[in-house]
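Residue-level structure breakdown
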Amino acid sequence: MKTLHSTLAGLLLATSALVAPAVAFAQQPQTAQEAPVPDEPVEEGTVDEIVVLGRFIPQPMRETSEVATFLGEEDLKRQGDDNAAVALTRVTGLSLVSGKFVYVRGLGERYSSALLNGSPLPSPEPLQRVVPLDLFPSNILSGTAVQKTYSVDHPGEFGGGVIDLTTLSIPNEPFINVGFSVGANSETTLKDGLTYYGSDTDFLGYDDGTRDTPDELDLALRSGKRISAGAFTPQELQRIGWSFINAPLNLIQRTSNVPNDFSADISGGRAFDTGWGTLGFVAVAGFDTSWRNRAGQQQEGLVENGVIGVRTDYDYVSTQNDVVVNGLFSGAVQWGDNEVKWTNLYIHSTTKEARSRVGYDDGAGRDVRDDYTEWFERSLISTQLTGAHEIGQFEVDWRGSFAKTTRDAPYEKGIRYRLIDGVYYHDASQEQNYTRFSEVEDQILSGGIDFKYTWALSDERDAVLSGGLYYSDNDRHAESREFRFLALDTSLPPEIQRERVDFLLSDFNIGPGGLQIRETTGAEGAAAYQAALEVAAGYVQADVEIIPLVRTAFGIRYEDATQSVTPRDLFGGASPFSPAPLENAYWLPAGTVTWNFYEDMQLRFGASKTIARPQFRELAPQQYLDPDSDRVFIGNPYLVDTELLNLDARYEWYFDRGQFITAGVFYKDLDKPVEAVINEAGSTVQQTYINAPKARLYGAELEVKKVFEPVMEGPFFGTKRWLVQANYTYTKSEVQVDAGDVVFPLAGGGSPRPAEELVRDGSQLQGQSEHLANLQFGWEDDEAQSQATLLVTYASDRITARGRPGQPDLVQEPGVMLDFTYRKGFTVRGYDLTFGVELRNLLGEEFIESQKLGGGEVFNNTYAIGTSASVSLSARF
């Protein structure tokens, strides 16, 4: 008997008739998978036994040397998740924070990067440079890759992982898909809620011009002067005050019928044979509107005698409408071993919210009511041109991309009232009001080229040498203006103080002797900044099968970057303090070893050095009120880069097609990680940032997927395959502070302070849950064209914010989320239709964020999430 020895490259053709491309090697006959024995005698020199190693290993896992997870289009359909952020929570070691930012292995969004078809994306969020993944609807994606070990062909900013979103590609067959869905929430739909009129087109997610900056205000802003009595006449101030839109944006109203959720999308694609190649396109358009009520508590605490108690206590109600419009167009041309692809993406996401809270405020020393109306528009426009070419053993991939995001928040309004004998008063002096206009514009121009050459080391082994160049230029502009109507000359009469807000702020009350407009925008760079990050990089890498079935990938990346944040004074004053740019160059090595040591089993080992840069907002010394948490943030220009050492090991067993068990461990050492701390400036409490001395993080991951063929006979069970997929991640992290360690906080102008005053040794990293678990259980029936899945997600407690000095941290309890999805296909008049049902949060889990100490508990933010249900219908033509 003769046994064939070969590598993957040598067996691609030979094993294509089997289940999948495979690696073969010599093995003892008693453990071999033998080919059928022919009737004729075996001639000398022929092969009568092929031992296939790795025939069940999926192609993406076969092609990568990294620890990675892949979500395909079918995974996205089964889970039924609306956007990329929620879909990724099903992946081992990933969790979702604030509904839009993905944490990988407990590390915050600053330690992960998001790519679209391999190119970086800007962020519309004032507090983050990383794009929020809730912006990406599932209907534009064909898959997502999460790489948890670093490879030098990716940007050096890597801590938790790289998330690469892949958009739909050119179809093999022409298609048109049309779908729609309607949904409801137990806490929201057809229930009482809050609203305000806004504009005639708010329901589409676009303002009709109502919220544009008024002409009189715009003219005054262009003067470069602060809008106040010293710079403008009383008549000019009166005209500016009159120009503000009043009732449509100020008046909060109650509604007894909050609408249901609705979404619709259409997609299509086709390829044409031109004779010299293939020309194809795919296009997607979608619209989604959803409503959510929140009714809960917001408290602040005070520690006395080692016990935390409530000192400020609000009950609040909020109604939020989110509208997302998206469009994708991609065209590609293929000829021979060449492909050029042009992808264009547009996403527009709007949040409209009316919110009111009532309760006792310890700072004011009385019962108060705060009303808010807000409108946030986020948009992303991206265009990308890519190419892939093969010339024999030589491959060239190139890409160029321009992406721009904006966040526009016009007429962000708030007003406070005091409660006296059951009546609410606003005197425009002790109780203040504000109107804010803010905008963020962020754009990235990037390009890269990768070269790859493959050659055979022998008949059985090959090697791949690769290298590449990369460049990106990220620019951001942020500006915020604030105005208040104040009673400066005399106090308002009580009968005016208790007027409805649109009467109180009407033209009748604005002018000399009444309310006067004043600009309260921060000076000396506190309201505007310019930021930039320029990165130039190059890398070389070798991927070599050093001996049969043992493959190594090792390389090094050189990355040179200049990052700057420059505060701008909007009123022509003295140049505000501007920190020196962060100019750093790094050599970042990385290596992995993959050993296909037994049939369909692999061991992977990885080690790398990476970095994490401070985000623009963390460096800018500018106050910002986060509407999600009602907390004030301010940056620290004295931050520096974080350097990381990453170690990984993972065992993989693919025991059948699409079925596997994986187990891994990981360790990360962080030098100067960025942590949020409390900065108390007088009576104002701000959250700011510092570089903690160091931190470490380690843990383990386990994942299993098993498909059971029909387990019993019968009309229901006889045709169903059953799926069980589960994963669990344990993560332990701790910030480390030694005697003599110092930090450089914003307070004190960056002077060193003992680290133990601001950072607690052994404390957990923010946003990290010690335990993460997911379970999917369901069935598929090809004959009945049906599929059902029960999905369970669990995340243990995690720190959302640091407490004030002497107070415990704020901790969120995500708990257990139980979801169910069902799909059923059927045919009507020759057209394929799919009916779907989705049920979310079946256990009624609530959002709870609190502080606990000495037996006392303060609920910083709590509200009922509610159970959601939706039905959908789609058709394919």
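Conventions used here
- Residues numbered from 1 in each chain as written.
- Predicted model: local features only at pLDDT ≥ 70, side-chain atom pairs only at ≥ 80, totals over all residues.
- Heavy atoms only, no water.
- Pairing = 2+ DSSP bridges.
- Helix = DSSP H or I, 4+ residues; strand = E, 2+ residues; numbered from the N terminus.
- Salt bridge = Lys/Arg side-chain N within 4 Å of Asp/Glu carboxyl O.
- Buried < 20%, exposed > 50% of the residue type's maximum accessible area, 1.4 Å probe, protein only.
- Polar contact = N/O pair within 3.5 Å; in protein donor to acceptor, adjacent residues only side chain to side chain.
- Contact = heavy atoms within 4.5 Å.
- pLDDT = per-residue confidence, 0-100.
- Core = buried A, V, L, I, M, F, W, Y, C linked by side-chain atoms within 4.5 Å.
- Phe/Tyr/Trp six-rings, centres within 6.5 Å; stacked < 30°, edge-to-face > 60°.
- Lys NZ or Arg CZ within 6 Å of the ring centre and 35° of its normal.

Moving on: the pairing of strand β13 (residues 261-273). Judged from the 9 bridges that link them, strand β10 (residues 175-185) and β13 form a sheet pairing that is antiparallel. Looking across to β13, one finds that Ile-176 is bridged to Gly-268. Here β13 runs beside strand β14 (residues 278-304); their pairing, made up of 12 bridges, is antiparallel. What sits directly across from Ser-263, in β14, is Asp-288. Between β13 and the antiparallel strand that follows it, β14, lie 4 residues; Gly-275 among them carries a positive phi value of about 95 degrees.

The next subject is the pattern of salt bridges. Counted according to the given criterion, the structure contains 46 salt bridges. We note a salt bridge from Arg-613 to Glu-157, for which the minimum N-O separation is 3.1 Å. Of this pair, Arg-613 sits in the loop between β26 (601-612) and α10 (616-619) while Glu-157 sits in the loop between β8 (141-147) and β9 (161-167), placing them 456 residues apart in sequence. Accessibility expressed as a relative area gives 16% for Glu-157, which makes it buried. Ionic pairing is found between Glu-545 and Arg-551, a salt bridge with its closest N-O pair at 3.7 Å.

The subject of this paragraph is the side chain of Asp-370. Inspection of the secondary structure puts Asp-370 in strand β17 (residues 366-391). Within the structure, Asp-370 has its side chain in polar contact with the side chain of Arg-416 (distance 2.8 Å). Setting aside its immediate chain neighbours within four residues, Asp-370 contacts Tyr-314, Arg-355, Ser-356, Arg-357, Ile-415 and Arg-416.

Checked against the element boundaries, Asn-321 lands in strand β15 (residues 307-335). At 3.1 Å, the side chain of Asn-321 forms a polar contact with the side chain of Thr-289. Reaching out from Asn-321, the side chain makes a polar contact with the backbone oxygen of Ser-290 at a distance of 2.9 Å. Every residue in contact with Asn-321, bar those within four places of it in the chain, is listed here: Thr-289, Ser-290, Trp-291, Thr-350, Thr-351 and Lys-352.

Right, let's get into unusual backbone geometry. In this model, Tyr-411 sits at a positive phi of 50 degrees, which is unusual for a non-glycine residue. One non-glycine residue, Leu-549, lies in the positive phi region at around 75 degrees. As for its placement among the helices and strands, Leu-549 is situated in the loop between β23 (528-547) and β24 (550-567).

The next subject is the confidence of the model for the protein chain. Of the residues in the protein chain, 86% have a pLDDT of 70 or more, and the chain-wide mean is 85. Strand β1 (residues 23-24) is the least confidently modelled element of the protein chain, averaging 33 in pLDDT, while strand β11 (residues 193-195) averages 97, the highest of any element. Across residues 1-52, where pLDDT falls below 50, the model places 84 contacts with residues more than four positions away in sequence or in other chains.

Counting residues in each nonpolar core, the largest one holds 30 residues, and the members touching the most others are Leu-217, Ile-227, Phe-244, Phe-483, Leu-515 and Ile-517. Elements that contribute at least two residues to this core include exactly α5 (215-222), α6 (234-242), β18 (394-420), β21 (462-487), α9 (501-504) and β22 (515-519). Leu-116, Ile-140, Leu-141 and Ile-163 belong to the second largest nonpolar core, which has 29 residues in total.

Summed over all chains, the structure comprises 20 aromatic pairs. Where Phe-244 meets Phe-485, the ring centres are 5.7 Å apart and the plane angle is 80 degrees; that geometry is what we call edge-to-face. Remark: Phe-485 occurs in strand β21 and Phe-244 occurs in the loop between α6 and α7 (247-250); sequence separation between them is 241 residues. Assigned by exposure class, Phe-244 and Phe-485 land together as buried. Seen in terms of ring centroids, Phe-847 and Tyr-863 are 4.9 Å apart; in terms of plane orientation they differ by 10 degrees. Their pairing is stacked. Taken together, the residues Phe-847 in strand β43 (residues 846-853) and Tyr-863 in strand β44 (residues 856-864) connect sequence positions 16 residues apart. This pair shows no difference in class: Phe-847 is buried, exactly as Tyr-863 is. Members of the aromatic cluster, joined through ring pairs, are Phe-244, Tyr-411, Phe-437, Phe-483 and Phe-485. Here Arg-357 stacks its cationic end above the ring of Tyr-314, 3.9 Å away from the centre of that ring. One residue, Arg-369, lies across the ring of Tyr-417, its end atom 4.4 Å from the ring centre.

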